[in-house]
Amino acid sequence: MKFNIIISAAVVAAACWACGRDGGSASLPPDAVVSVGSAVLTVRDVRQNVPAGLAPDDSAKLANAYVRRWVDAQLLTNVAAAQVDMTEIDRLVDEYRRELIINSYRRQMAQRTDESVFAEDSLKAYYEKSKRDFVLERPLVKGVYLKVPDDAGNLRELRRLYKSEKPDDVDRLEKVAPISALHYDYFRDRWVDWEQIESRIPVNTTESVLATLKAHKQIDMSADGFVYLLDVTDYLPAGSVMPYEFARQYIVERMLSRERTRLDTQLRNELYERSVADGTVRFVGN
């Protein structure tokens, strides 16, 4: 029902705009709504440009407005084409089309190049050579974080477990924390940007939390019905050199960019040399 209303509105509008123009409807597709010269707007076009889920009246209004905009654009294009230098327009369109094709091809080529082309030793060698390029803008931490309802029945146990590094306690924490805690993150085995942890703790300033971490390595605080537990087992301040495992993602991105540039240059040179050799490219002298 709604779709019929949309199309009815569009057809009525089209009939009004087409009034007095030449026929030729026999050559139009069966779902044509309106044509301007050789350009044709179809029912499918209208459907794709009118959002689903609207009230029937709103759908009809949007369909009507879309058809009108389409017709206006076609008419203005026809008038403008007679007044502007179409040679220049065609040149720009051709140039833009070439850029789209080239960029699309380059993206396909880039997707075929991933970090698997780099040996881990080469990544580490790059890191050792360029350590000074990888400086932390924010602190990094390792540890454990939990957000637990303050009425949790096992809160006392969690308070003991989150500070312990004994294997049995860690295993026990892995079992009970996901069930009891609203948030649980175990990151003693990896570096995490401090900003990710800070955003989860209801404190006024970063400085006060970092001061607490440096002094005690742990936070245990209550707010708004929750208890926030944080145990920091390792800490690197801003301005430090990134550890390799944290810098690795940036090294991979940098090396991938370099490799893709190299492959792009190689491709262009090979195409040029081959095309000159086989006569596809010919320089015509005077």
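A brief look at the structure comes next. Keep in mind it's a predicted model, so treat the numbers as computed, not measured.

### What about helix α3 (residues 56-81)?
The end-to-end C-alpha distance of α3 is 37 Å, a good match for the 38 Å that 26 residues give at a rise of 1.5 Å each. Of the positions making up α3, those classed as buried are Ser-59, Ala-60, Ala-63, Tyr-66, Val-67, Trp-70 and Val-71.

### Examining the pairing of strand β3 (residues 140-149)
Here β3 lies mainly inside the structure; nine of its ten residues are buried. Where β3 lies against strand β5 (residues 192-193), two bridges are found, and the strand directions are antiparallel. Bridge pairing in β5 links Val-141 to Val-192. For β3 and strand β7 (residues 226-236), the ladder comprises ten bridges, and the chain directions are antiparallel. Directly across from Val-141, in β7, lies its bridge partner Tyr-235. When β3 meets strand β4 (residues 183-186), the two strands line up antiparallel, connected through four bridges. By the bridge assignment for β4, Lys-147 is matched with His-183.

### Some remarks on the packing of aromatic side chains
Enumeration over the complete set of coordinates arrives at two aromatic pairs. When the ring of Tyr-127 is compared with that of Tyr-244, the centres are 5.5 Å apart and the planes differ by 70°; the resulting orientation is edge-to-face. Taken together, the residues span a long stretch of sequence, with Tyr-127 in helix α5 (residues 120-129) and Tyr-244 in helix α10 (residues 244-277) at a distance of 117 residues. Judged by its relative accessible area of 7%, Tyr-127 is buried. According to the relative accessible area criterion, Tyr-244 is buried, its value standing at 15%. Considering the side-chain rings of Phe-246 and Tyr-250, the 6.3 Å spacing of their centres and the 50° angle between planes classify their relative orientation as tilted. Taken together, the residues span about one helical turn, with Phe-246 and Tyr-250 both in helix α10 at a distance of four residues.

Calculation criteria
- Residues numbered from 1 in each chain as written.
- Predicted model: local features only at pLDDT ≥ 70, side-chain atom pairs only at ≥ 80, totals over all residues.
- Heavy atoms only, no water.
- Helix = DSSP H or I, 4+ residues; strand = E, 2+ residues; numbered from the N terminus.
- Expected span 1.5 Å × (residues − 1).
- Buried < 20%, exposed > 50% of the residue type's maximum accessible area, 1.4 Å probe, protein only.
- Pairing = 2+ DSSP bridges.
- Phe/Tyr/Trp six-rings, centres within 6.5 Å; stacked < 30°, edge-to-face > 60°.

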